[in-house]
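Chains, contacts and geometry: an overview
Residue strings, one per chain:
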Amino acid sequence: MTLLMPHIASRVFGAELMVDPGKLQAFLIGLGARIVDGGVSLPGISAVNHVAFENGRPSDAMGKVGDPIGRVFESKGRGADLVQTVDGVGIIGIEGTLVHKGKFIGQSSGETSYEGLQAQIARATRDPKIKAVVFEVDSFGGEVNGAFETASMISQLSAQKPTLAILTDFALSAGYLMASAARQIVMPETGAAGSIGVVTMHADLSRKLEQDGIKVTLISSGKHKIDGNPTTPLDDAVRADMQARVDRRREQFAAVVGAARGSRLPAAKAMETEAQVYHGEDAVRAGLVDGIIDPQFAFTEFVKSVH
């Protein structure tokens, strides 16, 4: 068993993810055989699918620091294109798989980048013509890196202007982290919210390599340099360290949700959900969302409320 696409494998194995396990299973079923020879899947987990659409991307925006996407749009006289607006209300989509970096606004090939979201949030914050912002959320989550910074920006925006997260379907894991930073959250009866947890994976390829007659020798300097590498079984100390990291990240997740939701879903209560997914009215009773309402009606009423 060999890694066929190491650049993708590096973002899945050994990385901290805030993603619903069903979405992770769908990814592994779809691309697992392209990442690891023979494929890989999660036992006992049902896959869920998420269909997204393609949007353009400004490929000449480089780096991340200093709002490069925003500067590119401004330099081309397209600053207003960063955030779609309806009657002074900005609309920012948080849909598909959430990834750290990506020089695009909105979705591209099923992904939304935190980088693109940050550019939009910054624009909505400083543009006086944008009186309020709706976050349209439909995401099973994604990468940890970049998620907390983006949620913090949404919280800062929410402190200055009215914000509403409208879940058109799901807000799970990192998707819920984003939604929780809005002043209020609503969703349809068929929607779902939650999965306040973190996951990481380790692929042990040692037995497959042995069967294939391949012996890998790692020459390293530093006691922990090769901790968690896929050519050897995961030892107890490294497993414990990985578990401690995802536990700390989950506590951070719950703390951010608690700070944003307040008495509706304090940090301790968020931890008590044990990463459960809540559907419909159950999500309201658990304090994850504020009401069940048709998304289009919710948007229309929100626009009226800010005028």
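Our structure is the block above this text.
An account of the accompanying structure is given in this report.

Definitions and limits used
- Residues numbered from 1 in each chain as written.
- Predicted model: local features only at pLDDT ≥ 70, side-chain atom pairs only at ≥ 80, totals over all residues.
- Heavy atoms only, no water.
- Helix = DSSP H or I, 4+ residues; strand = E, 2+ residues; numbered from the N terminus.
- Buried < 20%, exposed > 50% of the residue type's maximum accessible area, 1.4 Å probe, protein only.
- Contact = heavy atoms within 4.5 Å.
- Areas by Shrake-Rupley, 256 points an atom, 1.4 Å probe, with all protein chains shown as cover.
- Core = buried A, V, L, I, M, F, W, Y, C linked by side-chain atoms within 4.5 Å.
- Polar contact = N/O pair within 3.5 Å; in protein donor to acceptor, adjacent residues only side chain to side chain.
- Axes fitted to C-alpha atoms, helices over the stretch in contact; angles between N-to-C directions.
- Parallel < 35°, antiparallel > 145°, perpendicular 65-115°, else oblique.
- Left-handed = near helix turned anticlockwise from the far one by under 90°.

Regarding its fold elements, the protein presents 11 helices and 11 strands. Burial statistics for the protein: of 307 residues in total, 48% are counted as buried. For the protein, the share of sequence-separated contacts (at least 6 apart) that also reach a separation of at least 24 residues comes to 71%. For the protein, the exposed surface amounts to about 14,700 Å²; the carbon and sulfur share of it is 53%.

Looking now at the nonpolar core. In terms of nonpolar packing, the biggest core is built from 48 residues, with Met 18, Phe 135, Leu 167, Tyr 176, Leu 177 and Met 178 touching the most fellow members. For this core, the elements supplying multiple residues, two or more each, are strand E3 (89-99), helix H4 (114-126), strand E6 (132-143), helix H5 (147-160), strand E7 (163-172), helix H6 (174-180), strand E8 (184-187) and helix H8 (236-261). With near-sequence residues (within four places) excluded, Met 178 lies in contact with Ile 94, Leu 98, Tyr 114, Ala 147, Thr 150, Ala 151 and Ile 154. Core analysis: the second largest hydrophobic core is formed by 11 residues, Leu 164, Ile 166, Phe 299 and Phe 302 among them.

In terms of backbone geometry, most residues other than glycine have negative phi values and most peptide bonds are trans. Backbone geometry at Ser 173 places phi at a positive 55°, although glycine is not the residue there. Structurally, Ser 173 is set in the loop between E7 and H6. Within the chain, Ser 195 stands out as a residue other than glycine whose phi angle is a positive 60°. Of the residues examined, Ser 195 reaches a relative accessible area of 4% and is grouped as buried.

Following the sequence through the fold, Ser 113 ends up in strand E5 (residues 111-113). Judged by its relative accessible area of 1%, Ser 113 falls in the buried class. A distance of 2.9 Å separates a polar atom in the side chain of Ser 113 from the backbone oxygen of Gly 102. In this view, Ser 113 contacts Val 99, His 100, Lys 101, Gly 102, Phe 104 and Gly 106; residues no more than four positions away in its chain are not counted.

Attention shifts here to the environment of Ser 109. Mapped onto the fold, Ser 109 is located in the loop between strand E4 (107-108) and E5. The class of Ser 109 is exposed, set by a relative accessible area of 57%. The sequence separation of Ser 109 and Thr 97 amounts to 12 residues, and the corresponding C-alpha distance is 9.3 Å.

Relative to the helices and strands, Asp 138 is located in strand E6. Look at Asp 138 and you get buried, because its relative accessible area is 12%. Separated by 3.4 Å, the side chain of Asp 138 and the backbone nitrogen of Phe 170 make a polar contact.

Bringing the packing of H4 against H5 into the picture now. The geometry of H4 relative to H5 is characterised by a closest axis approach of 10 Å and an angle of 15° between their N-to-C directions. In terms of orientation, H4 and H5 fall into the roughly parallel class. Considering the relative orientation of H4 and H5, their crossing is left-handed. The segment H4 lies against H5, with Tyr 114, Leu 117, Gln 118, Ile 121, Ala 122, Ala 124 and Thr 125 engaging Ala 147, Glu 149, Thr 150, Met 153, Ile 154, Leu 157 and Gln 160.

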